[in-house]
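# An overview of the molecular structure
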Amino acid sequence: AAFYEISGPEIFSKWYGESEKILRVIFERAAKQPRSIIFFDEIDSIAGQRSGDAHEESKRVVAQLLTLMDGFGASDNIVVIAATNRPQDVDVALRRPGRFDWEIEFPLPNQPDREAILQISAGRLATSGSLPHYAVAAQTESWSGAELSAIWSEAALLAVADGRRAIMAEDYLGGFARVNAQRRRVKLTGEMATS
């Protein structure tokens, strides 16, 4: 199948009507293929809730997307897939049957999953000695895969700063500590903003 990947910010234009035209062109091109997949990454940034506070262009883009998706027949060759980490922000009209028919939730990894993610990630890196995957996995409840991966970036920086080409357990634990501190700062800032 022809694959069209659309990131939310790519759709919006400063010119009136241009954003809607971009969507129409994508769907027209996809319809000309024998089979097509249109993938919207961060669909919440394209099709957020239409409310009184919503920007007028956002409302028009959502309306255009609804119109395009309503035009599908049973024999159409286009599959539309979208991803978001904020499903509550997607316009409810898109979540009705006949548009996005299925919602698949990917929960945060549990402890065995986190340990597996850390082990697999370590396999792609230059490491030295035994690494405490179990201990780190046990301390990362509610962490996403991206946050777990960030540990390795920080660990690599610590190894390089120490003049080594391989990550050791001390770098790994230091990387965990750095990412954990960053998570706390972000959480604290978020709590302060809502207070």
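Thresholds, definitions, all that
Residues numbered from 1 in each chain as written. Predicted model: local features only at pLDDT ≥ 70, side-chain atom pairs only at ≥ 80, totals over all residues. Heavy atoms only, no water. Core = buried A, V, L, I, M, F, W, Y, C linked by side-chain atoms within 4.5 Å. Buried < 20%, exposed > 50% of the residue type's maximum accessible area, 1.4 Å probe, protein only. Helix = DSSP H or I, 4+ residues; strand = E, 2+ residues; numbered from the N terminus. Pairing = 2+ DSSP bridges. Phe/Tyr/Trp six-rings, centres within 6.5 Å; stacked < 30°, edge-to-face > 60°. pLDDT = per-residue confidence, 0-100. Axes fitted to C-alpha atoms, helices over the stretch in contact; angles between N-to-C directions.

The biggest cluster of nonpolar side chains holds 25 residues, and the ones touching the most others in it are I6, F27, I38, F40, L65, V80 and L94. Counting residues per element, this core draws most heavily on helix α4 (residues 56-70), which supplies six residues. Counting residues in hydrophobic clusters, the runner-up holds 15 residues, among them V136, I151, A155 and V179.

Attention shifts here to the environment of E18. Position of E18 among the secondary structure elements: in helix α2 (residues 18-31). Put simply, E18 and V61 are 43 residues apart on the chain and 9.7 Å apart in space, counted from C-alpha to C-alpha.

Our focus in this paragraph is the pairing of strand β1 (residues 2-7). Where burial is concerned, the two faces of β1 differ: the one with A2, Y4 and I6 is buried and the one with F3, E5 and S7 is not. The sheet contact formed by β1 and strand β2 (residues 36-41) spans six bridges and is parallel. Following the sheet pairing, Y4 is matched in β2 by I38.

The geometry of an aromatic ring pair is captured by two quantities: the separation of the ring centres and the angle between the planes. If you walk through the whole model with that rule in mind, you get four aromatic pairs. Centroid distance W143 to F176: 5.6 Å. Interplanar angle 25°. Geometry classified as stacked. Placement of the pair is W143 in the loop between α6 (133-138) and α7 (145-161) and F176 in helix α8 (residues 169-194), with a sequence separation of 33 residues. A relative accessible area of 1% places W143 in the buried class. Look at F176 and you get buried, because its relative accessible area is 8%.

Okay, the environment of A116 next. Relative to the helices and strands, A116 resides in helix α5 (residues 111-122). Put simply, A116 and Y134 are 18 residues apart on the chain and 9.2 Å apart in space, counted from C-alpha to C-alpha.

Next up on the list: the confidence of the model for the protein chain. With 89% of its residues at a pLDDT of 70 or more, the protein chain shows a mean pLDDT of 85. Across the protein chain, element-level confidence peaks in α6 with a mean pLDDT of 96 and bottoms out in helix α1 (residues 8-11) with 72.

Our next topic: the sheet that holds strand β3 (residues 78-83). Judged by pairing direction, the sheet is parallel, and its three strands sit side by side in the order β1-β2-β3 without closing on themselves. The strands lining the two open edges of the sheet, one partner per strand, are β1 and β3. Each strand axis lies, on average, 15° off the axis of its neighbour in the sheet, ignoring direction.

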